[in-house]
Amino acid sequence: MNFDGFDIDRKTRGILDSLDSGGRMPHAVIIESRDSEAAQSLALLLTMYAVCESGGNRPCGACPGCVRAKNRAHADIFYPETKNKSKTYDAESMRNLIKDAYIKPNEAAAKVYVFDKADTRLSTISQNTFLKLFEEPPQNVYFILLCENAQRLLVTIRSRCTVIKLGGEASVDEKAAAAAAKIAEGITAAREYELLLALRALEDKQLRDDILTALKQIFRDALVLLSGGQVRGDSGLAKNLAARFTKFKLIEMIELCDSSALQIKQNVNINLLTTRLCGEFRRISWQR
Ligand SMILES: [Zn+2]
């Protein structure tokens, strides 16, 4: 990939080059950053890459496709806007957009949709409407979702996207991520005590929800690996789980996280919850 004229950090360049070496960019990319300018700059690079007409190192920056992309005047690059006061994408526009995605590009070989502030503008309903599109995307259609915090997007959406995190800021509280990793390790530990100890992190009211979300993401990553997909970042833990558990067990664990999150909302006694979680995780992992 050609980074001339773009200020892209080395880590991100590495990720992009590895995507590029496959010859195609992933059909759905989440760019997570608190720096919206940096995110938009990367989005521009990717849109140019998608519509560049040069046969060489793309994007060339000079062909009509690249120039139009830079001027936000390319007929195959779309920046959906919000119309309503709540600053979310309305259902009708989303339905039209989905229909439009199945129509061939106008002039380039690809079509690109760029959603700014996707984590606040895409409602749960819109995201669910998109699921099918993301599962079986039309050929040569790309989606770029810009957001500050990818964790706010549905896990079902996230798992279908390549997530590029800019600047290295933590989106989930790093403490929560670390606690979730400990719990995941505890699940595979021989001694029950280690799991119980790790689950005590849930006693922290501020972190509970984020811990369960991060834990679910680990299971989700393991599922993706089991299905032959790739996951972002350090996947050692997910690899361990994928090597050890079946899809059904992983799904059962994800559901357990969901039901626990619900119980937390209903003010369950946290000691009861951690004891139950410990028992259930052990049951799922050891049953035949
Ligand atoms: Zn070009």
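About the criteria used
- Residues numbered from 1 in each chain as written.
- Predicted model: local features only at pLDDT ≥ 70, side-chain atom pairs only at ≥ 80, totals over all residues.
- Heavy atoms only, no water.
- Helix = DSSP H or I, 4+ residues; strand = E, 2+ residues; numbered from the N terminus.
- Buried < 20%, exposed > 50% of the residue type's maximum accessible area, 1.4 Å probe, protein only.
- Contact = heavy atoms within 4.5 Å.
- Core = buried A, V, L, I, M, F, W, Y, C linked by side-chain atoms within 4.5 Å.

**So, the side chain of S260**
Piece 1. With respect to the element layout, S260 can be found in helix α12 (residues 247–265).
Piece 2. On the accessibility criterion, S260 (0% relative accessible area) is buried.
Piece 3. Not counting chain neighbours up to four residues away, the residues in contact with S260 comprise L212, L273, R276 and L277.

**Here we look at the nonpolar core**
Piece 1. In terms of nonpolar packing, the biggest core is built from 36 residues, with I183, I187, I211, L215, F219, L241 and F281 touching the most fellow members.
Piece 2. Top element by residues in this core is helix α10 (residues 208–226). It accounts for eight residues.
Piece 3. F219 has contacts with I187, L241, L250, M253, I254, C257 and F281, leaving out every residue within four places of it along the chain.

**Some details on the environment of M25**
Piece 1. With respect to the element layout, M25 can be found in the loop between α1 (10–20) and β1 (28–32).
Piece 2. Taking the relative accessible area as the measure of exposure, M25 reaches 6% and is therefore buried.
Piece 3. Distance from M25 to V231, taken between C-alpha atoms, is 15 Å for residues 206 residues apart in sequence.
Piece 4. Setting aside residues up to four positions removed in sequence, M25 forms contacts with L46, Y49, A50, Y142 and I144.

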